[in-house]
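Below, each chain spelled out in residue letters.
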Amino acid sequence: MDKIIGKKVYRIVGNVLAANYMRVPFKANQSLQLTGRYVHIQLRAIPDRFYILHFYVTTSDERVLDISITNLFKECKVIGNVLQYPCHLSGKWTTLGVDLVDMLRRNNCGQFHCLKSIQRRIHLRRVILQENDPKALCIPIVAVPDKTEKAERCLESIGAVVKEPAGREPLRVQTISQVNRGACSTKNMSHTKASRPTTVMPKLNSSVASDQDSKQKLATTFSPEPAMELRFCIGYTSKTTGNMIWTKDCRSIIYSCAAKIVHMNPDTGSQKFFLGHTMPISVIALSPDESILASCQEGKDPLVRLWEMSTGECLAVFGGHASDVQCIDFNLSGTWMITVGKEGKGSTKNFNNLVILWDISQVLKGGNVTKLVEHSFEPSLNKMRFVPFEEACLVSCGIGNIHIWRMKSVREKYEVRRMVLHLGPHSNQVFVDLAFEGVLGGVDTFARSIYSCTSSGLLYQINFTNRNIDQIYRLHDDSINSVVVTDGFCVTGSEDRFLRVWPLDFSDYFLEAEHAAPVNALAVSSDCLRIAIGTANGTIGIMDVPTHGYRTVVRSHESVVLALAMDPHNREFTTTASDGTIRTWDLDSFEQLYEFLAPGEHALCVAYHPLKYLIACGFEDGAVRIFDIASTSQLFEHKQHRSKVLSISFTMDGEKLFTAGQDGIICVYDAVRNYQPIKSISTAFAGDEIDLSISPNGKYIATIGVGCASVIIYNTDSMDKCMEMSSNGRRVKLVKFAPIKNYVYAMTRDSRLQSYDLNEGRIVQESSPLHLDNVNTMDFSDNGNFLLTGGNDGILKMWALGKNGPHEARCQCFIGHSSPINRALFTPDKKQVVSVGSGKGILVWDLLVDTAEDVSDYIDRVIAEKLTAESQQLDGASDRPETPPPKWPERQSGDTEALLEELLRFKQQLVGHSEEASTAAADYPSNVEAISEPSPLQRLRERAMNMEFSSSASISSQNLENSYSFIDSDVRAEQSQMFLPLIHFSGTTKPVKRAERKYVAAENEAGIRMLHVSGYMQMHNCMLWQPEAGLFTTAIGSNIIIEDLHTRKQTMLHEHEEQISCIALSPGGKWLAVGSGVPLGSNATAPIFIWQYDSATTVRRLDYHQESIQSLAWSRDSSFLISVGNCEHPRIVVWNVRDSKIVATSDCDRVIHDVKFCKSSFEFVSVGQEFVTFWLLNDDSTLLMQELTAPGDDPANVHYTCLDVTEDNIVFVGAANGFVTQWIANSEQNVCIDSWDTSQRELTSIFAKQDKVYTCGQFPHVRLWGKPIESLTNTAVAWQMIRDINFDSPSKSLSLDDRGNEGVASTASGTIWHFGKDPATKISSGHSEDILDVAYSDDGELLASCAADGRVMVWTVKGMQHLKTFDGSRHSCLCIAFGILPVPTPRALTFLRTAPTGASIIAGYADGVARELVLTGSTSSVSNAVLIDQEAITVRDKPVDPRI
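Within each chain, residues carry numbers counting from 1 in the order of the written sequence. Since the coordinates come from a predicted model, pLDDT governs what is reported: local features require at least 70, and pairs of side-chain atoms require 80 or more to be given and counted, while whole-chain, interface and lining totals use all residues. Computation of side-chain values covers all heavy atoms of the structure but excludes hydrogens and water.

## Quick word on the overall build of the chain
A run of H or I in DSSP becomes a helix once it reaches four residues, and a run of E becomes a strand once it reaches two; helices and strands are each numbered from the N terminus. Counting secondary structure elements, the chain contains 11 helices and 106 strands. Exposed residues in this analysis have more than 50% of their type's maximum accessible area, buried residues have under 20%, and partly exposed residues fall in between, with area computed by a 1.4 Å probe over protein chains only. Evaluated residue by residue, the chain yields a buried proportion of 53% over its 1444 residues. Throughout, a contact is declared for two residues whenever any of their heavy atoms are within 4.5 Å. Partitioning the intrachain contacts of the chain with sequence separation of at least 6 by distance along the chain shows that 49% fall at a separation of at least 24. Only carbon and sulfur atoms are counted for the fraction: they give 49% of the accessible area of the chain, which is about 64,300 Å². Accessible surface is estimated by sampling points in the Shrake-Rupley manner with a 1.4 Å probe; for residues, cover comes only from the protein chains shown.

## Structural notes on the nonpolar core
As used here, the term nonpolar core means buried Ala, Val, Leu, Ile, Met, Phe, Trp, Tyr and Cys residues forming a set that is joined through side-chain atoms within 4.5 Å. Within the largest apolar cluster, 49 residues are counted, with the highest numbers of intra-cluster contacts made by Met228, Tyr255, Phe573 and Met798. Membership of the second largest hydrophobic core comes to 26 residues, among which are Tyr85, Cys87, Leu100 and Cys109.

## Thoughts on the confidence of the model for the chain
Of the residues in the chain, 76% have a pLDDT of 70 or more, and the chain-wide mean is 77. Each residue carries a pLDDT score, the predictor's own confidence in it, on a scale running from 0 to 100. For residues 906-978, every residue scores under 50 in pLDDT, and the model assigns this stretch 135 contacts once sequence neighbours within four places are set aside. Below a pLDDT of 50 lies the segment residues 1384-1397, which in the model reaches 20 contacts outside its immediate sequence neighbourhood of four places, other chains included.

## Brief notes about unusual backbone geometry
Of note in this structure, Cys528 is not a glycine but carries a positive phi near 60 degrees. Here Cys528 shows up in the loop between strand E38 (519-524) and strand E39 (530-535).

## Re the pattern of salt bridges
We define a salt bridge as a contact between a side-chain nitrogen of Lys or Arg and a carboxyl oxygen of Asp or Glu at a distance within 4 Å. Scanning all chains against the criterion turns up 33 salt bridges. The partner of Asp102 in a salt bridge is Arg105, and the shortest N-O contact between them spans 2.0 Å. With Asp102 and Arg105 both in helix H1 (residues 100-106) and three residues apart, the pair spans about one turn of that helix.

## A closer look at the packing of aromatic side chains
Here a Phe, Tyr or Trp ring, Trp counted by its six-membered ring, pairs with any other such ring whose centre lies within 6.5 Å, and the pair is stacked when the planes are under 30 degrees apart, edge-to-face when over 60, and tilted otherwise. Summed over all chains, the structure comprises 33 aromatic pairs. Relative to Phe780, the ring of Tyr745 has its centre 4.5 Å away and its plane inclined at 25 degrees; by these criteria the two rings are stacked. Of this pair, Tyr745 sits in strand E59 (residues 743-748) while Phe780 sits in strand E62 (residues 775-780), placing them 35 residues apart in sequence. Assessed through its relative accessible area of 9%, Tyr745 is described here as buried. When its relative accessible area of 7% is taken as the criterion, Phe780 is described as buried. Look at Phe1174 and Trp1223: their rings are 5.8 Å apart centre to centre, the planes differ by 55 degrees, and that puts the pair in the tilted class. Of this pair, Phe1174 sits in strand E83 (residues 1172-1177) while Trp1223 is found in strand E87 (residues 1219-1224), placing the two residues 49 residues apart along the sequence. Note that Arg467 overlies the ring of Phe464, its terminal NZ or CZ placed 4.7 Å from the centroid. Whether a charge sits over a ring depends on NZ of Lys or CZ of Arg being within 6 Å of the ring centre and within 35 degrees of the ring normal. The lysine or arginine in question, Arg1411, covers the ring of Tyr1405, its NZ or CZ lying 4.7 Å from the ring centre.

## Topic: the environment of Ala577
By secondary structure assignment, the location of Ala577 is in strand E43 (residues 572-577). For Ala577, a relative accessible area of 0% puts it in the buried group. For the pair Ala577 and Ser559, spaced 18 residues apart in the sequence, the C-alpha separation amounts to 6.4 Å. Each residue touching Ala577, except ones within four places of it in the same chain, is listed here: His557, Ser559, Val560, Val561 and Leu562.

## So, the sheet that holds strand E21 (residues 314-318)
Two strands qualify as a pair provided DSSP detects at least 2 bridges between them. The strand order across the open sheet formed by four strands is E18-E19-E20-E21, and the pairing between neighbours is antiparallel. In the strand order of this sheet, the two ends are held by strand E18 (281-286) and E21, each with one partner. Ignoring which end each strand starts from, the neighbouring axes of this sheet average 15 degrees apart. In this sheet, strand E19 (residues 292-297) lies alongside E18 in antiparallel orientation, the contact comprising five bridges. In the strand pairing of E19, Leu286 is matched with Leu293. Comment: axis = line fitted to C-alpha atoms, over the contacting stretch for helices; angle = value between 0 and 180 degrees taken between N-to-C directions.

## Focus: the side chain of Asn1209
Position of Asn1209 relative to the elements: it lies in the loop between strand E85 (1200-1205) and strand E86 (1210-1215). Within the local environment of Asn1209, its side chain forms a polar contact with the backbone nitrogen of Lys1159, the two atoms lying 2.8 Å apart. If we ignore the near neighbours within four places in the chain, the residues touching Asn1209 are Cys1158, Lys1159, Glu1163, Trp1223, Ile1224 and Ala1225. Under the rule applied, a polar contact is a pair of N or O atoms within 3.5 Å (in protein, one hydrogen donor and one hydrogen acceptor; residues adjacent in sequence only if both atoms are side-chain atoms).

## Observations regarding the pairing of strand E28 (residues 401-410)
In this sheet, E28 lies alongside strand E27 (residues 393-398) in antiparallel orientation, the contact comprising six bridges. Looking at the pairing, Val395 lines up with Ile404 of E28. Between E27 and E28, which pair antiparallel and follow one another directly, the connecting turn spans two residues, one of which, Gly400, has a positive phi of 70 degrees. With eight bridges joining them, E28 and strand E29 (residues 413-420) adopt antiparallel strand pairing. Its bridge partner lying in E29, His403 is registered against Val420. Between E28 and E29, which pair antiparallel and follow one another directly, the connecting turn spans two residues, one of which, Arg411, has a positive phi of 55 degrees.

## Observations regarding the sheet that holds strand E15 (residues 253-257)
Strand order in this open sheet of four strands is E14-E15-E16-E17, and the pairing throughout is antiparallel. Pairing within the sheet leaves two strands with one partner each, and these edge strands are strand E14 (244-246) and strand E17 (271-274). The mean inter-strand angle of the sheet, taken between neighbouring strand axes irrespective of direction, is 25 degrees. Pairing analysis gives three bridges linking E14 to E15, with the strands arranged antiparallel. Considered in E15, the bridge of Ile245 is made with Ile254.

## Things to note about the side chain of Ser1309
Summarising the element assignment, Ser1309 is placed in the loop between strand E94 (1303-1307) and strand E95 (1312-1315). Judged by relative accessible area, which is 13%, Ser1309 ranks as buried. Only 3.2 Å separates the side chain of Ser1309 from the side chain of Thr1307, close enough to count as a polar contact.

Now the structure itself:
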């Protein structure tokens, strides 16, 4: 440190230029990544000495050139990659200007990319790079045009001589003495002695890293500031001892994770952070009074930081060791601190230890840290600690040595005196850790003992008074890594993975815990009741000593985290790491849920299936594997790539999987047919970086072209190339479709963001470099307003995207990663950001900015674009010149009129709230979310991208005018149904036309009789299961099917003429109530039939409702039945079933979705739009009601969709936003006591039994929630998710036994599942859409059916057992026939004769393709396919004569 200028000065000694120099940056493999064109450097040559200055420049083709400026040369030369320029300087300070771009251009050396490094052997004090002309500098530059006498005289006058060949622009030099100092001399040249700089670090929980200037710049960028806050760090750095601390209040532990210090409450899971280190932390220590926390990082010249515990402020930053600081400790009073590391002097610097004693008594008062004494010694040292029962005394241990140290004050200076403990035959031991006998109580100081553990599993007990070894105990079979001694017991953690707790006589351990990895760190709470254990595999566990209980509070990857993917359905995410593991984490509890092991293999990329609970991973060896998360099992594996799989992605419908490998190939897999590979295309050279991105509508895929020099768009269906756009000479690294705009973004290797307009097919915008080093990840918010980037510099950046793209003036930087960031993503709920990197930590950030989708703006824009296009077309397209075809690939036109009407209805809903509500998306989430999945903007985006904005008008002016009419009542009715939750029954749209004359034959005269029904109607509340009687009841169309599960015999109940809407079974199982719907606009009533369940006979018919029946509910004593009408007329009717009389009725002004009786037959609860309503039936047959809304819910934007009531009158209500609220119902007061988020979107069914609650939503699983039965009404105890029960699609109906241990669920795909303690089992299958054709086999033993869902199912005629399902096409299957498909040959169509009769099915699909479905074999495969016609195949029959 120079005392005059107050800055660090590096002195270069030695006369050999090749061996004595300084390089910036320090390492040769690092790069400055400076892109400025002009370099201005202030330097001074030493007279009569040679100097050399190297500029290492990277070109656009990634070549590294050496521009050497020296006084060794006499002429300019270009030799290989070296450009030699002579420059003779005087001993005065001189400014040298270099135009790097022009220098490379004149020498034909390529295009300048960036300045990589500077290496010099000359006096140098300032380097400036800039893009602009050097005239903008405050220091004037003299330009010498050519080698003339005038130029020579000019240079000689300023003390410099430049020799250049003719035609080359010389270097520009200027001596500082010739500069006019009027404006800049004080700023640039004068130096004052500055006071000690104060380090201002982020406060506890702070995450924004910037200096004072950048803070002022950020203050004017975007708000709030900061835009994110660090919420949680998942990870732990497993160091050997010294990085695990309990606080005195026994509530928190302190540990390190990479470069972060984490202060965590293991009971609540809350964390606070100390951020500031730039390298992984090697050791931490806490002062005895817990006022100061000390930490030191790894690497060369490590920095020690002192933190104030109460505020988290960094008090001091200092260094004194060359490397390897492994010990920090405080004395008992907290005024001294010892650090032990390696010294950096002499040839033995790698072997000598350096002990430094620091005075930190003035740090909390704003003073400095003072070095009292330092001592160097050669013997090995592993641990050094202050003796807690004697001031100024220390003990150290190492390889074959134990030393006792004393600090003596001699003549106002401190000296170190070291005494060697005689070990005798034990000098071959490696002593690892130290501990002291407990200091609590009034025991005599001279009776204290020192304990030291060894790498051979021994524990030495040493008498501190006489310095003798008292006892030696063998406690483990392997190295003891950590030891802690208290007043009552001793704790040891060993390499053999055991934690053991011993009495102080070490007779036998009384507590033992085996871990999955060696135990590296231990800490015992001050009350000696809990032990914190850190292991080598990155886990932290807490052991309760009195109860022997153990729980893991932190898990982490053991090495670099490579990939990250967010679950689109649940608050979960999955990470992969180079430790060979794939782990799934919970975003609420931050606990590890699942783990997949792949020893020796690394998964480089991961993606979630958009509809199923599956993940797909691409591995380093080129394999692609599909995993089922719930069962932690591998389902499929394919190896199509010859090298690393770098990117993987599903289409939005989940039917295709795309992978991109380092071999330059993109592979397409059919996710419906066991992920069979269906196509491979080569897009780049082997070794090129490659990336994938799927468009929001799932129709297009973007990737990187040959040489990383272009962006290519493919069609996902055919994989035909739609367009290729050049990157203007830059190498592309990442691609990403814009969330809203018709753009593709690309990140280049030099960290620039390029914007490609797909309508124009070219780059429309390019930013300046966003990071100093390579960018590894980027992600956009759903509204397209924010960009998240992370790269090798370890800084996470949030950019506010304006019209001109990202700019440093609209950027916020966040520290937390000390190593390169590999992946950072927004969570699907738009509330958080997750980032992972080369360190072990996974960081979860809370978003403080609004990244939600602005539906109102999007609707306005789409409507405006559509109306503008239509009006231009109606004004007369013939007068305008023909518009050239767009460069974006031709899109298939959708139903434009239907989309316009939907958009206008959206607009009308928004306008109906208020002017303020129409511009704020948060004011209408319930209306939008009720009809959209997964988000309103995504659904509109998918349909709007299919619109033809420049084609002929699809609607007339009259239709357009009618579309603006929002007054018509029919529009209101359709609009009200449009925003209803999915659970609501709306009935058929048109009345069914039936025969006017109807004849029903007697049973003994019937010509045909229904024997068996297979399938299921995907409706809510249309399925019942009685496990005691073994009966299963379901509604199919207008029929009720009761099946005996033991005999498989079916009983059909036929009374209804319209589609059944709901069924309900009385509590005793005696009566079955069935309600039906009526067509919209019909005058017919919706009857309710009461059946005697065991005899299958009708006993009552109840007629009242003029609308469809939405829900039915029985009272506990089966005396009353409640029926509820649907949205056309939401009225409640209470029936006396025995008398078939109406007890009470009530018209409701809001839609009702579900109803249930309470324990009393005179109280019931209904749920619907806005309110949970509690009803009371008086003796005079009047109904009293109380309408309530859960706390925090907006009545105008909430739909309560389902409910269940327990025997204790506890009501559980599910809502369309995925929340469950818990209520206590009684006649005096009805109150909401608890609520929680299920993350399942709209809830369709809920079942509650004592301490269990089952919930069904819009995702393919049922969730089981639990809570101790004694804490059901205790709000301090939260409901916890016990398990996920996974199906193939969302559940529609749910029926469970009385204890809630097992049940049956029906799904939207037509399947029925049984679940219990084991994973769910499929017990029945059916079609999910209309069945279009059936066919018998020739022998009459098989029956095949096809439907609009594209599936072909095969059944046995006898017993109707399901045999096989073919799900091979996204298109509807219109016709089928048993037979063999002809294969086209060069001459004719020839039938295959190898398959026996009935072994194949020919199916005709809506895409014009006929496919042969093979029945033999274990897989459902398509052996042949022939394109018959471009239109749909509607008739297919096998000819009798096989020659035809």
